[in-house]
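Structural overview
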Amino acid sequence: MLFYNLNKPSEKVDFKTATIQGLGSEKGLFFPERIPVFPVSWIADLENISNEEIAWVVMKDYVGHSIPEKMLRQIVAETIDFDIPLVRVSENISTLELFHGPTLAFKDVGARFMSRCLGYFMQHQDRPITVLVATSGDTGGAVASGFLGVEGVEVVILYPSGKVSAVQELQLTTPGQNITALEVNGSFDDCQTLVKQVFSDPELNEKIFLTSANSINVARWLPQQIYYFLAWKQWKNKSKPPVISVPSGNFGNICAGLLAYHSGLPVNHFIAACNVNAVVPAFLKTGIYQPVKAKPSLSNAMDVGDPSNFVRVMALFNAQFEPLKKMMSSESITDEETGDAIKTLYSEYGYAADPHGAVGWLALSRWLKSHPGQEGIFLETAHPVKFPEIVEKFTGKPIDVPVAVQELFVKKKNSFRIPADYEDFKNYLLNRKR
Ligand SMILES: *Cc1c(COP(=O)(O)O)cnc(C)c1O
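What this report covers is the structure whose coordinates are included nearby. Computed from a predicted structure; not experimentally measured.

1. Describing the overall build of the chain
A tally of regular secondary structure across the chain gives 20 helices and 14 strands. The C-alpha radius of gyration of the chain comes to 21 Å, within 12% of the 22 Å expected for a compact globule of 434 residues. Sequence-distant contacts, at least 24 apart, represent 75% of the contacts inside the chain between residues at least 6 apart. Accessible area of the chain: about 17,700 Å², with a carbon and sulfur share of 51%. Charge separation in the chain, taken as the distance between the mean sites of 41 positive and 46 negative side-chain charges, equals 2 Å.

Rendered as structure tokens:
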């Protein structure tokens, strides 16, 4: 299968090139040339198929000849080698817990898949590749964990000093080996700008083999489909497909769900649950897409003012507004409502949600109130322990700290501080020991 550049459709590349390059020319995102449709009988039989087999079937057409079958089977098995349970919360609501991976957020799935694919591709390259990634919190840890110890790959993570949670900072600053954390005196936007500048610097790209591991890479985007199929595998009421609410920021996760739907996965409706950064909710109301500067919120991984994957959502619906609106709604939830949602979920249903999951739950609850008889799933995208102050404030109860996090707290943070200045960053990249 080939992928075409959404900004320049004549540019077509295979999975390997799309993964190594990340982005096409004119900053265009890659998009699959065709979407595989799985047989109805296969989907009806998911309960009897192993998770590994499901994951392989979902991914194999996209990867095509870039990776041999045996290797791809191993990669997808490692990608999902942790629990992804569908947990009942109330009579008509369940949650798909995506936080049981090594860094306790759903980004582990995409990062584990991408790191293994890139590691495989690098076996046949004569020089190492440097992966750059800017993070507002969860991506850095997931990418560090995914790439740790991968031969031929060096990872440089840029994160904004003082603006990530304690657990997040330890996850990205303590792995060591081929992972380096740069603590930038600036904001997440500054980090992202530094990374983007690198890719328009011919001198640097000549001297160093560079790529980025942000969420627009097809190797991070596509494997997220797998867990939508695993949700259906666990869904009891097969005669009534679920409404699925996805806490959304850059819209990669929900776009993967929509892709699964186009491949035949039964879904009644999607809800893109946003915080106060309401570009898409406004677009679905007015038809006008107006990017804004991101505002900070309690669900900080969704503080995005111009979701980069939204062009892919539009492409999936051939840029047709009405069909998109029929299949996907979007709701904006304020911080106050998020806090109330955490509180209600805990006091009424005994479920401790993180702020992102709470946004997803509230948007879903509202939908189900106005659509009686339907049932739904909200994705729980991070473990509450990643946001302990917020969660404990609204539940009034201390969070159980998983062993993986207890082990983190005895480690020592290791980062290089740099100013938010391109020349400093460039010098760092050129002069570091490799
Ligand atoms: C990244 C992230 C999101 C947003 O996902 P997108 O794919 O960018 O829409 C939601 N919740 C958590 C916890 C995240 O880390």
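Picking up where we left off.
2. Some words on the site of the ligand
Close to the ligand lie 15 residues, the nearest being Lys107, Asp138, Gly249, Asn250 and Thr381. Phenylalanine 251 places a polar main-chain atom, nitrogen or oxygen, 2.9 Å from an oxygen atom of the ligand. In isolation the ligand offers 380 Å² of accessible surface; the protein chains occlude 96% of this area. Residue classes in the shell around the ligand are distributed as six nonpolar, seven polar and two charged.

3. A look at the nonpolar core
Ranked by internal contacts, the top residues of the largest apolar core, which has 99 residues, are Phe15, Trp42, Phe113, Phe147, Tyr228 and Met328. Among all residues touching methionine 328, those that are not within four sequence positions of it are Phe251, Ile254, Leu258, His269, Phe270, Ala272, Val280, Leu284, Phe310 and Val313. Leu104, Leu362, Phe378 and Ile390 belong to the second-largest nonpolar core, a separate cluster that totals 34 residues.

4. Some words on the sheet that holds strand 11 (residues 269–274)
Reading across the sheet, the six strands line up as 4-5-13-10-11-12 and stay open at both edges, with mixed pairing between neighbours. The open sheet has two free edges, formed respectively by strand 4 (86–90) and strand 12 (328–332), since each of these has just one partner strand. Sheet twist, expressed as the mean angle between neighbouring strand axes with direction ignored, is 25 degrees. Bridge count for strand 10 (residues 243–247) against strand 11 is five bridges, and the pairing is parallel. Bridge pairing links valine 246 to alanine 272 in strand 11.

5. Considerations on unusual backbone geometry
Its identity as a non-glycine residue notwithstanding, lysine 27 has a phi of 55 degrees, on the positive side. Tracing the backbone through its elements, the reader meets lysine 27 in the loop between helix 1 (15–21) and strand 3 (30–32). Even without glycine at this site, alanine 319 takes up a positive phi of about 60 degrees. Looking at the element boundaries, alanine 319 is found in the loop between helix 14 (310–316) and helix 15 (321–327).

6. Looking at the packing of helix 16 (residues 335–349) against helix 18 (residues 388–395)
Here helix 16 crosses helix 18 at 60 degrees, and the two axes come no closer than 8 Å. By the angle between their directions, the pair helix 16 and helix 18 is classed as oblique. When you trace helix 16 past helix 18, the crossing you get is right-handed. Residues Gly339, Ile342, Lys343 and Tyr346 of helix 16 form the contact with helix 18, whose participating residues are Ile390, Val391, Phe394 and Thr395.

7. As for the side chain of glutamate 169
Relative to the elements of secondary structure, glutamate 169 occurs in helix 7 (residues 166–173). Classification of glutamate 169 as buried rests on a relative accessible area of 17%. When sequence neighbours within four positions are dropped, the list of residues in contact with glutamate 169 reads Tyr159, Val164, Glu183 and Lys413.

8. Quick look at the pattern of salt bridges
On inspection of all chains with the given rule, the structure shows 17 salt bridges. The closest approach of N and O atoms between arginine 73 and glutamate 53, which form a salt bridge, is 2.9 Å. Of the two residues, arginine 73 sits in helix 4 (residues 69–79) while glutamate 53 sits in helix 3 (residues 51–63), which places them 20 residues apart along the sequence. Using a relative accessible area of 29% as the deciding quantity, one classes arginine 73 as partly exposed.

Definitions and limits used
Residues numbered from 1 in each chain as written. Predicted model: local features only at pLDDT ≥ 70, side-chain atom pairs only at ≥ 80, totals over all residues. Heavy atoms only, no water. Helix = DSSP H or I, 4+ residues; strand = E, 2+ residues; numbered from the N terminus. Rg over C-alpha atoms; globule rule 2.2 N^0.38 Å. Contact = heavy atoms within 4.5 Å. Areas by Shrake-Rupley, 256 points an atom, 1.4 Å probe, with all protein chains shown as cover. Lys, Arg positive; Asp, Glu negative; His and termini not counted. Charge placed at Lys NZ, Arg CZ, Asp CG, Glu CD. Near = heavy atom within 4 Å. Polar contact = N/O pair within 3.5 Å; in protein donor to acceptor, adjacent residues only side chain to side chain. Nonpolar A, V, L, I, M, F, W, Y, C, P; charged D, E, K, R; others polar. Core = buried A, V, L, I, M, F, W, Y, C linked by side-chain atoms within 4.5 Å. Buried < 20%, exposed > 50% of the residue type's maximum accessible area, 1.4 Å probe, protein only. Pairing = 2+ DSSP bridges. Axes fitted to C-alpha atoms, helices over the stretch in contact; angles between N-to-C directions. Parallel < 35°, antiparallel > 145°, perpendicular 65-115°, else oblique. Left-handed = near helix turned anticlockwise from the far one by under 90°. Salt bridge = Lys/Arg side-chain N within 4 Å of Asp/Glu carboxyl O.

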